[in-house]
Amino acid sequence: MKKRLILALVALAGVTVMVAGCTSSSNPSPGPVTSTASQNSVSIQNYAFSPSTLTIQKGANVTWKNDDSVQHTVVSDSSAFSSPLLSTGDTYTYQFNNSGSFSYHCSIHPYMKGTIVIA
Ligand SMILES: [Cu+2]
């Protein structure tokens, strides 16, 4: 009688190990891959923002890159965001978590204007 109980316990333990092993190996991915916000980029060249108007989804990032030979900045007209001085090749990224339309300019060349529209 006692021997049977032990055998049953051993069998049970074996099954438990198998199930545990199976469970841990069946789901190797660490969950859904949170894709980074779509690449929304604005190029600064020839004293202008290109595209001058960019429409993005709420919560997305926008990255400005200075492709010009002189320094520029990206400053929101409403002071929502403000980049440091961007030299050639520098980038500035801002995440838009609020709906609306954000017009911005270059603080060095105020005639440089652009708009980010959050859909
Ligand atoms: Cu500028």
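Please refer to the structure placed before this passage.
Residues numbered from 1 in each chain as written. Predicted model: local features only at pLDDT ≥ 70, side-chain atom pairs only at ≥ 80, totals over all residues.

Q: Lay out the overall build of the protein with the relevant residues and their values.
A: In terms of regular secondary structure, the protein is built from 1 helix and 8 strands. The helix and strand sequence of the protein, counted from the amino end, reads α-β-β-β-β-β-β-β-β. A total of 119 residues make up the protein; the buried ones form 16% of that total. Summarising the internal contacts of the protein: among those between residues at least 6 apart in sequence, 48% fall at separations of at least 24. (Helix = DSSP H or I, 4+ residues; strand = E, 2+ residues; numbered from the N terminus. Buried ≥ 20, exposed ≤ 12 C-beta atoms within 10 Å, placed from the backbone. Contact = placed C-beta atoms within 7 Å.)

Q: I'd like to hear about the sheet that holds strand 7 (residues 100-105), residue by residue, with values.
A: With mixed pairing, the 4 strands of this open sheet are ordered in space as 3-8-7-5. This sheet does not close on itself; its edge strands, each paired only once, are strand 3 (53-56) and strand 5 (75-76). The sheet contact formed by strand 5 and strand 7 spans 2 bridges and is antiparallel. Residue V75 lies in a different strand from strand 7, and its bridge partner there is H105. (Pairing = 2+ DSSP bridges.)

Q: Describe the environment of K65, naming the residues involved and giving the relevant values.
A: Inspection of the secondary structure puts K65 in strand 4 (residues 61-66). Spatially, the C-alpha atom of K65 lies 6.6 Å from that of Y92, the residues being 27 residues apart in sequence. Setting aside anything within four residues of it in sequence, one finds K65 in contact with S41, S43, I44 and T91.

Q: I'd love a proper account of the sheet that holds strand 1 (residues 40-45), names of residues and values included.
A: Where strands meet in a sheet, backbone hydrogen bonds hold them as pairs that are either parallel or antiparallel. Taken in spatial order, the 4 strands line up as 2-1-4-6 in an open sheet, and their pairing is mixed. Each of the sheet's edge strands pairs with one partner strand only, and the pair in question is strand 2 (48-50) and strand 6 (91-95). Direction aside, the axes of adjacent strands within the sheet are offset by 20 degrees on average. As paired strands, strand 1 and strand 4 are joined by 5 bridges and run parallel to one another. The residue of strand 4 that forms the bridge with I44 is N66. (Axes fitted to C-alpha atoms, helices over the stretch in contact; angles between N-to-C directions.)

Q: Go over the nonpolar core with me, naming the residues and quoting the values.
A: Ranked by size, the top nonpolar core spans 13 residues in total, and within it V42, F49, V62, W64, V74 and Y92 carry the most contacts. Not counting residues within four places of it along the chain, the set of residues in contact with W64 comprises V42, I44, V74, S83, T91 and Y92. (Core = buried A, V, L, I, M, F, W, Y, C linked by C-beta atoms within 7 Å.)

Q: Now, about the environment of V62: what can you tell me, with residues and values included?
A: Mapping V62 onto the fold places it in strand 4. Distance from V62 to Y94, taken between C-alpha atoms, is 5.5 Å for residues 32 residues apart in sequence. When near neighbours in sequence (up to four residues on either side) are disregarded, V62 contacts N40, V42, L54, I56, T93, Y94, F96 and I116.

Q: Can you tell me about the pairing of strand 1, naming the residues and giving the values?
A: Both strand 1 and strand 2 contribute to a ladder of 3 bridges, which runs antiparallel. Residue pairing across strands places Q45 opposite A48, the latter belonging to strand 2. The hairpin turn running from strand 1 into strand 2, its antiparallel successor, is 2 residues long, and N46 in that turn takes a positive phi close to 50 degrees.

Q: Got a sec to walk through the environment of V42? Specific residues and values, please.
A: By the secondary structure assignment, V42 is in strand 1. What makes V42 buried here is the crowd of 20 C-beta atoms within 10 Å. Once you skip the residues sitting within four places of it in the chain, V42 turns out to touch F49, S50, P51, L54, V62, W64 and G114.

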